[in-house]
Amino acid sequence: MSRIQTVFSSLKANNKKALIPYITAGDPHPKHTVSILHTLVASGADMIELGIPFSDPMADGPVIQRASERALKHKVGLKIVLEMVQEFRQKDTKTPIILMGYANPIEAMGMEKFTQAAKAAGVDGVLTVDYPPEECKDFIAGLQVNGMDSIFLLSPTSDAARVDLIVNQASGFLYYVSLKGVTGAANLDIDEVKARVAGIRTKTDLPIGVGFGVKDAATAKKVAAIADAVVVGSRMVVAIEQSNEDNLLSNISQLMQELRTAIDA
Amino acid sequence: MQMYDMPDERGHFGQFGGTFVAETLVEALEKLRLMYEKYRHDPEFLAEFAYDLKHFVGRPSPIYFAERWTNKVGGAQIYLKREDLNHTGAHKINNTIGQALLAKRMGKPRVIAETGAGQHGVATATIAARLGLECVVYMGSEDVKRQAPNVFRMKLLGATVVPVESGSKTLKDALNEAMRDWVTNVSNTFYIIGTVAGPHPYPMMVRDFQSVIGTEAKQQMMEMIGRQPDAIIACVGGGSNAMGIFYPYIDVPNVRLIGVEAAGHGLETGMHAAPLTANSPVGVLHGNRTYLMQDADGNIIETHSISAGLDYPGVGPEHAWLKDIKRAEYVAITDDEAMAAFHNLCRTEGIIPALESSHALAHAEKMAKTMRKDEIILVNLSGRGDKDINTVAKLSNITL
């Protein structure tokens, strides 16, 4: 059983939902990333989405774009991101790490080289935003051979045929995008999300995470009531952006605890 | 001979092209793909398109024998396809009309566009005004500063111009931002992409709408001189004017197709916008796989060209394919070479060419000298240079 599956089944056994924070690797500075990862786990993260910085993050809103820009100022490329995961794994062998990013950095490294290096570093799953399943069959196979999950997005506009196609290619969990827009966009409509998630459940046993519009603890609580995992990205990056070196880890920890409490309540 | 038949059903030109977008855009692209399939051979749609090209744009654009320039250069005879004479001053309007007519059929009241130099933005604002559509144009904040007259033209035409502050603040970032807008407003918005890039069906659709250039040229050359040219030369940023003139000639033997990229300060300096000529690696950006200027980590690097319209780190996937199958050749021309050709055409022919097109002209000068006097070069003069007079004046240290 993969680390992602293990976490979901143990949460399910305890009647709990997964909290998945997102950070961009190298934001605000590469020296902080591994400490941030450990802080996220210590303050309630069940798994972590680690963003690979990219110069042209088309699906991201301004908050995560700025995180990429900060990381790229320090030349944090995919190779360095994998080194960070490896360092994190020396102390934490349980918490799943899901890399989230765009196709080009992966293709620049080479698909085969990447899947092997990611496995060696201790990556558990990969979500490549601009790889729809029909364009990345070899990549899915490469991840599978190396024991990693292929996480895919589902959106409010994905029709029934699309959902069928994606749930058959995905493993680990499904990531439902809660609104039409980029990361960190306007408020999500919880009733619509609820109906969509219920629809997806009729087609798959995979856990379903919801993200893209979870702005606060109250929203996280509502999402947790209908999904298996709550993904918090832009809000987490805002906390990082608004911190200085001294209060960075404590601010992250505080936000995480608020979210955790709300989700568990 | 097997007829050229690209792309495949999913927009692949060999390994290039495709649909590399987030799931949030898949449905919109699928709808567009089906809509375009429905209308691309529809007589009524094509008739409306042809009517607008004739009566609104002023097509067919003439072919002109640049005799004085030919004599000055010495060598092959150089003919110009006069896209500069189109309404709004460039080839861009052909495509915006095609896409806007589709938007109308899809019932979308709002169109968006990205623009670099502003020509595509102006062409989109123009057709939006004519059809009564709301129009928002994304433009890098650097380009907003460099291209003030075009920004004002768009506003006169009723468009909203949104300066883009992210990334390098140029064309590629404007495209990112337009995509973000589209994802958010997908239900009421049609995204009019200005070049043969982006996810399928854009590269094919834009090529088809622009292929009126080559289709006309084929007929006009026969009428004028009774034969087809030995070489066709066009500048390539994303590559829409080049695909427009190349496409109808792909199956015509013995016509060399030559795309001219921007060498900027020189390929050896790294400050250029010539992914094909500089042998950049293959990558994925803006929804398609193509040759891309990037660093070792796969991040897109900043490009340089005197001409904002060529200042793009990628290139349309069909050009990548034509390069690989060796049906087209790609070369690069520096800022200085383009400027020299710009002045030559002004002085010998009374035509002020766009800086983009000046790259094609500069290569025509180079090539013509190596060819016989009975050989023929056809250059796609893709736009006029009125928009560039501030840039040229500044380079000559003249204050207007």
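This write-up is about the structure you can find in this document. As the structure is a prediction and not an experimental result, all values here were calculated from the model.

### Some words on the pairing of strand S10 (residues 256-266) of chain B
Residues and elements named next belong to chain B.
Argument step 1. For S10, a buried count of nine out of eleven residues is recorded, marking the element as mostly surrounded by other parts of the structure.
Argument step 2. Here strand S9 (residues 231-235) runs beside S10; their pairing, made up of five bridges, is parallel. Its bridge partner lying in S10, Ile232 is registered against Leu257.
Argument step 3. For the handedness criterion, the β-α-β arrangement of S9, helix H11 (residues 240-246) and S10 is classed as right-handed.
Argument step 4. Pairing analysis gives seven bridges linking S10 to strand S14 (residues 328-334), with the strands arranged parallel. Looking at S14, one finds that Gly264 is bridged to Thr334.
Argument step 5. Two elements, S10 and strand S11 (residues 271-273), share two bridges in a ladder whose sense is antiparallel. Counted as the bridge partner of Gly266 is Met271 from S11.

### Observations concerning the sheet that holds strand S7 (residues 174-177) of chain A
Residue and element names in this part refer to chain A.
Argument step 1. Spatially, S5-S4-S3-S2-S1-S9-S8-S7-S6 is the arrangement adopted by the nine strands of the open sheet, whose pairing is parallel. Single-partner strands in this sheet number two, and they are strand S5 (149-150) and strand S6 (152-154).
Argument step 2. With four bridges joining them, strand S1 (residues 18-24) and strand S9 (residues 229-232) adopt parallel strand pairing. Bridge pairing in S9 links Ala18 to Ala229.

### As for the interface of chain A and chain B
Argument step 1. Facing 35 residues of chain A, the contacting portion of chain B comprises 33 residues.
Argument step 2. Summed over the shared surface of chain A and chain B, the result is three salt bridges.
Argument step 3. Between Arg289 of chain B and Glu107 of chain A there is a salt bridge; the shortest N-O distance is 2.4 Å.
Argument step 4. Connecting chain A to chain B are 17 residue pairs in polar contact (both at pLDDT 80 or more).
Argument step 5. Taken together, the elements giving at least two residues each to the side of chain A that touches chain B come down to helix H3 (62-73), helix H5 (103-109), S6 and helix H8 (160-169) of chain A.
Argument step 6. Sort the elements by how many residues they give to the side of chain A that touches chain B and H5 of chain A lands first, with five residues.
Argument step 7. Split by residue class, the side of chain A that touches chain B holds 18 nonpolar, eight polar and nine charged.

### So, helix H8 (residues 171-184) of chain B
Argument step 1. With 14 residues, H8 of chain B extends 20 Å between its outermost C-alpha atoms, agreeing within 8% with the 20 Å of an ideal straight helix rising 1.5 Å per residue.
Argument step 2. The element H8 of chain B is extensively covered by neighbouring structure, given that twelve of its 14 residues are classed as buried.

### Quick word on the packing of helix H4 (residues 78-91) of chain A against helix H6 (residues 111-121) of chain A
All names here are of chain A.
Argument step 1. The interhelical angle for the contact between H4 and H6, taken along N-to-C directions, is 25 degrees, at an axis separation of 8 Å. Taken together, the axis directions place H4 and H6 in an arrangement best described as roughly parallel. Of H6, the residues touching H4 (which contributes Leu78, Leu82, Val85, Gln86 and Arg89) are Phe114, Ala117, Ala118, Ala120 and Ala121.

### Examining the packing of aromatic side chains
All names here are of chain A.
Argument step 1. Tallied over the full model, the rule gives 16 aromatic pairs over all chains.
Argument step 2. Centroid distance Tyr131 to Phe139: 5.3 Å. Interplanar angle 55 degrees. Geometry classified as tilted.
Argument step 3. On the accessibility criterion, Tyr131 (2% relative accessible area) is buried.
Argument step 4. Taking the relative accessible area as the measure of exposure, Phe139 reaches 3% and is therefore buried.

### With respect to the environment of Val76 of chain A
All names here are of chain A.
Argument step 1. By secondary structure assignment, the location of Val76 is in the loop between H3 and H4.
Argument step 2. Sequence separation between Val76 and Pro53 is 23 residues, and the spatial gap between their C-alpha atoms is 6.9 Å.
Argument step 3. Setting aside anything within four residues of it in sequence, one finds Val76 in contact with Ala25, Gly26, Pro30, Pro53, Ala71, Val81 and Met84.

### Describing unusual backbone geometry
Argument step 1. Following Asp27 of chain A, the chain continues to Pro28 of chain A via a peptide bond in cis, the omega torsion being 0 degrees.
Argument step 2. Mapped onto the elements of the fold, Pro28 of chain A is located in the loop between S1 and helix H2 (33-42).
Argument step 3. With a phi angle near 50 degrees, His286 of chain B is a residue other than glycine that sits in the positive phi range.
Argument step 4. Note on placement: His286 of chain B falls in the loop between strand S12 (282-285) and strand S13 (287-291).

Calculation criteria
- Residues numbered from 1 in each chain as written.
- Chains lettered and ligands numbered in written order.
- Predicted model: local features only at pLDDT ≥ 70, side-chain atom pairs only at ≥ 80, totals over all residues.
- Heavy atoms only, no water.
- Buried < 20%, exposed > 50% of the residue type's maximum accessible area, 1.4 Å probe, protein only.
- Helix = DSSP H or I, 4+ residues; strand = E, 2+ residues; numbered from the N terminus.
- Pairing = 2+ DSSP bridges.
- Right-handed = clockwise from strand over helix to strand, strands pointing away.
- Contact = heavy atoms within 4.5 Å.
- Salt bridge = Lys/Arg side-chain N within 4 Å of Asp/Glu carboxyl O.
- Polar contact = N/O pair within 3.5 Å; in protein donor to acceptor, adjacent residues only side chain to side chain.
- Nonpolar A, V, L, I, M, F, W, Y, C, P; charged D, E, K, R; others polar.
- Expected span 1.5 Å × (residues − 1).
- Axes fitted to C-alpha atoms, helices over the stretch in contact; angles between N-to-C directions.
- Parallel < 35°, antiparallel > 145°, perpendicular 65-115°, else oblique.
- Phe/Tyr/Trp six-rings, centres within 6.5 Å; stacked < 30°, edge-to-face > 60°.

Function cannot be read off these values alone, since they describe shape.
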